[in-house]
Amino acid sequence: MLVEEAIGLVIMAFFISLLFKVLFSCWISPFLAHKKLKRNGFRGPTPSFPLGNISEMKRTSFGRVFECLTHDIHSIVFPYFSRWQAAYGKIFTYWLGTEPFLYLADPEFVKMLSREVQAKYWGKPSVFKRDRKSMFGNGLVMAEGDEWVRQRHVITPAFNPSNLKAMASLMVESTTQMLDRWAHLVLSGHPQIEVENEITSTAGEIIAKTSFGIDHISGRQVFHKLRNLQMTLFKTNRLVGVPFAGILNAGKAREAKRLGEEIDELFREVITARRENQSATAAAEVVLQNDLLSLLLKESGGEGKLRRWLSTAELIDECKTFFFGGHETTALALTWTLLLLGIHTEWQIQLRDEIKEVLGDKESDFDFTKLSQLKKMGWVMSEVLRLYPSAPNVQRQARRDITVNGLTIPNGTNMWIDVVAMHHDEALWGEQVNEFRPERFEHDEVAGGCSHKMGYLPFGFGGRMCVGRHLTFMEYKIVLTLILCRFSFTLSPDYCHSPCIMLSLRPAHGLPLIFRLLEN
Ligand code: HEM
């Protein structure tokens, strides 16, 4: 009898402690954090627990088609932030489930924050780390502290322009295959092409080739599984930040986990084969492939904190990070560029003239080391990333209490820097803020004449700024040059303007363009 009573008491104690934990994480802890943020001077829409402000955020115009082709997109893609900005200004708090977020669209505040916290001491929101674990693992995007410093030191040299140059031929190869397909379609009487999918899969192929090589059979399988994983994760309607919400999507979560494990296993094979190959050819100091994985494998040595070496598990996470961080962002920059050039055909002519002047007449003789001389193309890219930034926000998490301008941001608060809002802020850019005017970058290549240097952040800021941006510059210029040399294009009447956010900023209904082959 005594034993039974004891067991009963243990079970009861277990359930009481579980109940307390649930109550604490779903209600007490968020309630205290909410009070603290209010006490520290931050206002914002009232949350309900455990959903926070998610209900209002779900009421978006996702997929709605806009009659007029406006570039004034902030209230389209972030209607809830736009409403809350009108009520609370450019700095306010909101809640994703039980996670507090500080919304920032004030460049001066971001500048002060950046001065206050060095890159190494920034956190990345734990809630997103958990949610996107199968995509990024503990790779560079999610790493923090000394781990981040070590990874960044090993990875940065791989993105040196001299290393990247060797990848130009991989980019030309994939792009040419895509353009041959387009030429065939045009010649067979189908000049209308849906370019978003085309560009995204070509950019996926380019990033896979430049990151880990896909000629090897395992590399190709990894590429297809990575694409599947992305579809699985982002087709799910998830309640990020809401405790136990994963249970509602258990099937999808299991599928993502399974795909993640299969991808890791395939990468392990690719990496093991490379390591074996590498040691076999070490004496001859041969780099077998011109990709990032080969360069990272070459970067080894040191111990402890200064260990300039990535384990197989770390290399797997970095390859996944490059794939997910690098291909859609670049593909969307190109897609939005084609939209804008399809409308502003005078810029197609200007860019073609520039290509002729810098690279000459013959595509087969192009010297891609001269890409940096394509200045106007650089302005076009910057202007496209201003109006339609592929990465629409930058995220951080406080790892200690941070005081800025007399306001204390409590430890653990997530920060959401709204890049779309700052890039469309009339107070920063003037009356013509929503017009496509690449020439604004002519006399100010870095900030396009924005009245605050932190008002233009397509690649983030501070020490955590995008490590892959030079690869993007190169890929963007190569792909666009090859397109412009073979085709002229206009926007199809079938295009439906509907910018939306699905992790990145994309056209919800794709981008159909009408192509015409140029005579050489
Ligand atoms: C148009 C193309 C791209 C855009 C708009 C973009 C944007 C960004 C942004 C906004 C960040 C966050 C910066 C911050 O937190 O301050 C970032 C980080 C990062 N990006 Fe990119 N990116 C692009 C292309 C690429 C490519 C091609 C790669 C790699 C192949 C890449 C790899 C990374 C990595 C690894 C980080 C994490 C850096 C760190 O935290 O130290 N990105 N990117």
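The rules behind these values
- Residues numbered from 1 in each chain as written.
- Predicted model: local features only at pLDDT ≥ 70, side-chain atom pairs only at ≥ 80, totals over all residues.
- Heavy atoms only, no water.
- Near = heavy atom within 4 Å.
- Helix = DSSP H or I, 4+ residues; strand = E, 2+ residues; numbered from the N terminus.
- Nonpolar A, V, L, I, M, F, W, Y, C, P; charged D, E, K, R; others polar.
- Donors = N, O, S within 2.8 Å, 3.2 Å for Na, K, Ca; no water.
- UniProt positions renumbered as here; feature names shortened; annotations may be inferred.
- Pairing = 2+ DSSP bridges.
- Axes fitted to C-alpha atoms, helices over the stretch in contact; angles between N-to-C directions.
- Contact = heavy atoms within 4.5 Å.
- Phe/Tyr/Trp six-rings, centres within 6.5 Å; stacked < 30°, edge-to-face > 60°.
- Buried < 20%, exposed > 50% of the residue type's maximum accessible area, 1.4 Å probe, protein only.
- Lys NZ or Arg CZ within 6 Å of the ring centre and 35° of its normal.
- Polar contact = N/O pair within 3.5 Å; in protein donor to acceptor, adjacent residues only side chain to side chain.
- Disulfide = S-S within 2.5 Å.

S.K.: Go over the site of the ligand, please, and point to the residues and values.
M.R.: The local shell around the ligand holds 27 residues, among which Trp148, Arg152, Arg396, Arg464 and Cys466 are the closest. In terms of residue count, the dominant contributor to the shell around the ligand is helix H15 (residues 312-343) (six residues). Along the lines of polarity and charge, the residues of the shell around the ligand split into 14 nonpolar, nine polar and four charged.

S.K.: Please provide a residue-by-residue account of the coordination of the iron atom of the ligand, values included.
M.R.: A four-donor tetrahedral metal ideally has 109.5 degree angles, and a six-donor octahedral metal ideally has angles of 90 or 180 degrees. For the iron atom of the ligand, the sole protein-derived donor is Cys466 (SG), lying 2.3 Å away. The topology assignment puts Cys466 in the loop between helix H19 (426-429) and helix H20 (469-486).

S.K.: Quick one: what's the story with the UniProt feature "transmembrane region" (unreviewed entry) in the protein chain, residue by residue and with numbers?
M.R.: Residues annotated in UniProt with the feature "transmembrane region" (unreviewed entry) correspond here to residues 6-33. Along residues 6-33, the helical share is 100% and the strand share 0%, with 38 Å between the first and last C-alpha atoms.

S.K.: Report on the sheet that holds strand E1 (residues 91-96), specifying residues and quantitative values.
M.R.: With mixed pairing, four strands are arranged side by side in an open sheet as E1-E2-E7-E4. Edge strands, defined here as strands with exactly one partner in the open sheet, are E1 and strand E4 (393-397). Direction aside, neighbouring strands of the sheet carry axes that sit 25 degrees apart on average. Sheet topology places E1 next to strand E2 (residues 99-104); six bridges connect them, and they run antiparallel. Note that in E2 the partner of Ile91 across the bridge is Leu104. Across the face of the sheet, helix H4 (residues 79-88) comes into contact with E1, E2 and strand E7 (414-418) while running at roughly 135 degrees to E1. Lying over the sheet, helix H5 (residues 107-116) contacts E1, E2 and E7, oriented at roughly 115 degrees with respect to E2.

S.K.: Now, about the packing of aromatic side chains: what can you tell me, with residues and values included?
M.R.: The relative placement of two aromatic rings is captured by the distance of their centres and the angle of their planes. If you walk through the whole model with that rule in mind, you get 30 aromatic pairs. With a centroid separation of 5.4 Å and an interplanar angle of 25 degrees, the aromatic rings of Tyr94 and Phe101 are classed as stacked. Residue classification places Tyr94 among the buried residues on the basis of a relative accessible area of 1%. Lying across the ring of Phe128, Arg132 places its NZ or CZ 4.5 Å from the centre.

S.K.: For the environment of Arg440, give the residues involved together with the corresponding values.
M.R.: Residue placement: Arg440 occurs in the loop between H19 and H20. Separated by 60 residues in the primary sequence, Arg440 and Val380 have C-alpha atoms spaced 9.6 Å apart. Setting aside its immediate chain neighbours within four residues, Arg440 contacts Glu383, Arg386, Trp429, Gln432, Val433, Glu435, Gly448 and Gly449. Here Glu383 takes part through its side chain, which lies 3.1 Å from a polar atom of the side chain of Arg440. Within polar-contact distance, the side chain of Arg440 engages the backbone oxygen of Gln432 at 3.1 Å.

S.K.: Pulling in residues and values, what's your account of the state of the cysteines?
M.R.: By the definition in use, this model includes zero disulfides. Free of any disulfide, Cys496 has its nearest cysteine sulfur in Cys500, 13 Å distant.

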